[in-house]
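Each chain, letter by letter, is given below.
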Amino acid sequence: MSISRIFKTSCSTFLFFIICFTANSQSTFNGKITNLTGQPLSGAVINLLNTPYKVISDNTGHFSFKNVPSGKYEIVITSLGYAPIISPITINSNAASPIVSFKLANELVQLEDVMITTQKKEELLQQVPLSITAFNSTQIDKFKFWNNKDISGFVPNLNSADPGDNRDVVSIRGITTTSYDPAVATYIDGVNQFNLDTYIPSLNDIERIEVLRGPQGSLYGRNAMGGVINIITKQPTNTLTGYAEVNIGNYGIQRYSASIKAPIIKDKVFFGASFLYNARNGFYKNEYDNSSYDQQYAFAGNYFIKYIPNTHWQFNLNIKHYAAENNGAFPLVYGAEDAFSNPYVLNQNGITQMMDNTLNGSLSIQHTGSRINFSSITAYQSNYRYYDKPIDGDFSPIDAISVINNYGKSWNNIKAFTQEFKWSSAPSSSNRLSWTAGSYIFYQEAPVKQGTRFGIDANLLMMGDSLFTLANTTNSTKKGIAFFGQITYALNSKLNITFGLRRDDEEQQQTVAGFYQHDPDPAFIQIVPNTSESVKFNAWSPKIALDYTLNSNSLVYTMYSQGYRTGGLSPLSSDPSQPPNMSYLPEHSNNFEAGIKNTLLNNTLKVNIALFYIHVNDAQVPTLVLPDAITIIKNTGQLTSKGIEAEFLYTPFKGLLIQYNAGFTNANMEATGKHPLFTPDHTHAIALQYTKAINNKSSAFIRTETKFIGHTYFDSNNSIHQSPYAIQNWSMGLQLKKVSIVAWSKNVLDQKYISYAYDFGAVHLGDPATFGISLSHKF
């Protein structure tokens, strides 16, 4: 099935299901926003959850929604320097519209209500019966989350392992990414980042990061067995906004970012753009030529146009791109002992530059009706990633083994197309039943060609010959369709029951071939004929949950769900014991969870606790085949994971914020008792921040963060492991009206630890101590 055919099918489905929604009677809602002393707040942003209605308060604090369907809504109000609030309101067409007052507390006094979209609709974090950690834009800025991997350890039971090429391997609750099909799904602005090739790791101009822990099969389907990372970028309003920021640090760190958002036609057409350039010298030194080995550069952009023709329709066109150069990807050293005894030093003769180019484009359409809402997200993703010269495959100064993948743009150029349609009950409905349903279509093409070069010194590694190349090609396609739905019914004013179900169907096709070349003849001879295979996978992913509101401040819940991660076909390798096109089975999991969420002490304390138990069938475990560096996946039996998580957020007095989270995971393979890869047995993190207001528009802060990572294993035999360690960060700064200056440091004590290791013994250390200064201006 071609991309064009799937696109035509998607468009036909879109046209078939679009229906005309008859609006209820239209009404007006008027309000006024002040602080606790009664001073009007101008420039506050007010919107109704799960609708396109958004306005800004005037100089007297007043605002008005006009032509809104009658019904019950939740209103969200945000203003700079104040804790946002979310409040239920009723808009009644049969009554006069009085002015409703809303009072905002200083952000230094009270915790804010956090709005999230993890269940594909806008909801309050503390009212969603799931284990979720959310970071708003202020927290993202204070934590200095510059890359997806930076959240590692600051989310309970989440660990992100970095092999050195900016492809983060994420584990949540013992469920680990072991192939290019992730175990933890990542969504950016509603678009599924289809695999590890096509996602963009850098973070810039982010409104919110939401991390759902535990399987999310009923709504997110394949490859969300461990959880979902949901990233939302900032959107424009009728006010011109933007910022510019400069970060300078040791190791030649440079990070320049900027953003602008503006209305082109008020209330109708909006434009936004954000830019990011970052660079640094290498953390590693290459003794072979006394150079900085892993020197990096990257440029990323995010551009969008939003069109709102009326109060019912909204269109968003979005383009994201990421272009990176890494002068020394995979800075690896054989053996943990050598890595720690001489940290950040290696000796390799293969000097190369990894070029990594990713393009993501999407078109989203939203319709808000009086009874039913509809949305469509059409997305295209591509990634072209190659090494301009052969990369060192023996990790030494000898010319023995190197890996080649620079065979032109027709190879190693991954393309993916996705389409999601979604229907949901309108927020204005007073029905006790709320629901979400939809379908998801995907298609991926992955033509891969990789060569293993055996140089003049190959015989030093007992290869039996030298000066020849073995090349493998793998042409694979993946296509599939899914249907999903989730229904929540209010049994009474306090007790809700939720049912969810998703059906995934997928087909994969793969063709492999092998070639041989020996110097001095440059010609390749085909030694493995074209061999093709196809497989089909499918899964039902049900969910049932109960949640009970103990009082206005506390919610308890319990849940059962099933998770699913797709299977696949093995590539061609040089190991005759690993034949190509051998299928490995999908993973299926049964998951049980119970938790409680509390907002206490007049919204100054939040305490969330969750217990979980996971049982996985046909667990997938990777093995790296050498010397061609090809990953083979095998099913190795059953895995169990159980544990507990806790999150605390507390403001004991004005200006002081205490944030603590902890996660404990006991995960084992049932047959061997071994621990799964990249899964710490515990994570802890504590952040302390004190902010002192200088005047109404200026403040100063000091902040410290410490995260603790427990025992972590990197191979199936558990022979390569990292003992528990701690990393400490700090920062301090001044906010002067719209300008801020911040001094910061990460890994202050220069802790040495293994971030990633391969089963054959190669080790990559985590980032060393870095420090710098940040200067930013917002308008």
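Note: the structure precedes this text.
Quick notes on the rules
- Residues numbered from 1 in each chain as written.
- Predicted model: local features only at pLDDT ≥ 70, side-chain atom pairs only at ≥ 80, totals over all residues.
- Heavy atoms only, no water.
- Pairing = 2+ DSSP bridges.
- Helix = DSSP H or I, 4+ residues; strand = E, 2+ residues; numbered from the N terminus.
- Axes fitted to C-alpha atoms, helices over the stretch in contact; angles between N-to-C directions.
- Phe/Tyr/Trp six-rings, centres within 6.5 Å; stacked < 30°, edge-to-face > 60°.
- Buried < 20%, exposed > 50% of the residue type's maximum accessible area, 1.4 Å probe, protein only.
- Lys NZ or Arg CZ within 6 Å of the ring centre and 35° of its normal.
- Core = buried A, V, L, I, M, F, W, Y, C linked by side-chain atoms within 4.5 Å.
- Salt bridge = Lys/Arg side-chain N within 4 Å of Asp/Glu carboxyl O.

### Some words on the sheet that holds strand β3 (residues 54–56)
Then, number 1: Ordered by their spatial adjacency, 4 strands build an open sheet running β3-β2-β5-β6, and the pairing between neighbours is antiparallel. In this open sheet, the two strands that pair with only one neighbour each are β3 and β6 (85–91). Here the average twist between neighbouring strands, direction ignored, is 25°.
Then, number 2: Here strand β2 (residues 45–48) runs beside strand β5 (residues 71–78); their pairing, made up of 4 bridges, is antiparallel. Bridge pairing links Val45 to Thr78 in β5.

### Some words on the sheet that holds strand β12 (residues 169–172)
Then, number 1: Across the sheet, 3 strands lie side by side as β11-β12-β13; this open sheet has antiparallel pairing. The strands lining the two open edges of the sheet, one partner per strand, are β11 (158–161) and β13 (175–176).

### Quick notes on the packing of aromatic side chains
Then, number 1: Inspection of the entire model under this criterion finds 35 aromatic pairs.
Then, number 2: Between Phe374 and Phe421, the ring centres sit 6.4 Å apart and the planes meet at 20°, which makes this aromatic pair stacked. Residue Phe374 is found in strand β28 (residues 372–387), and its partner Phe421 is found in strand β31 (residues 413–425); the two are separated by 47 residues along the sequence.
Then, number 3: Overall, the relative accessible area of 3% leaves Phe374 in the buried class.
Then, number 4: Here Lys142 stacks its cationic end above the ring of Phe701, 4.8 Å away from the centre of that ring.
Then, number 5: Sitting over the face of the ring of Phe143, Arg703 holds its NZ or CZ atom 4.4 Å from the ring centroid.

### Regarding the pairing of strand β46 (residues 698–709)
For a regular strand, side-chain orientation follows a simple rule: the groups alternate between the two sheet faces.
Then, number 1: Both strand β45 (residues 682–693) and β46 contribute to a ladder of 11 bridges, which runs antiparallel. Within β46, the position partnered with Ala687 by the bridge is Glu705.
Then, number 2: Connecting the antiparallel pair β45 and β46 is a turn made up of 4 residues.
Then, number 3: As paired elements, β46 and strand β49 (residues 725–736) share 12 bridges and run antiparallel to each other. Considered in β49, the bridge of Phe708 is made with Ala726.

### Considering the nonpolar core
Then, number 1: Counting 29 residues, the largest nonpolar core has Tyr284, Phe330, Phe678, Tyr758 and Leu765 as its most contacted members.
Then, number 2: Among the elements of the structure, β51 (754–757) and β52 (762–765) are those that each provide at least two residues to this core.

### Section: the pattern of salt bridges
Then, number 1: If you walk through the whole model with that rule in mind, you get 20 salt bridges.
Then, number 2: Salt-bridge contacts for Glu645 lead to Arg173; the nearest nitrogen and oxygen are separated by 2.8 Å. Separated by 472 residues along the polypeptide, Glu645 in strand β43 (residues 639–650) and Arg173 in the loop between β12 and β13 bring together distant segments of the chain.
Then, number 3: Judged by its relative accessible area of 1%, Glu645 is buried.
Then, number 4: For Arg173, a relative accessible area of 2% gives the class buried.

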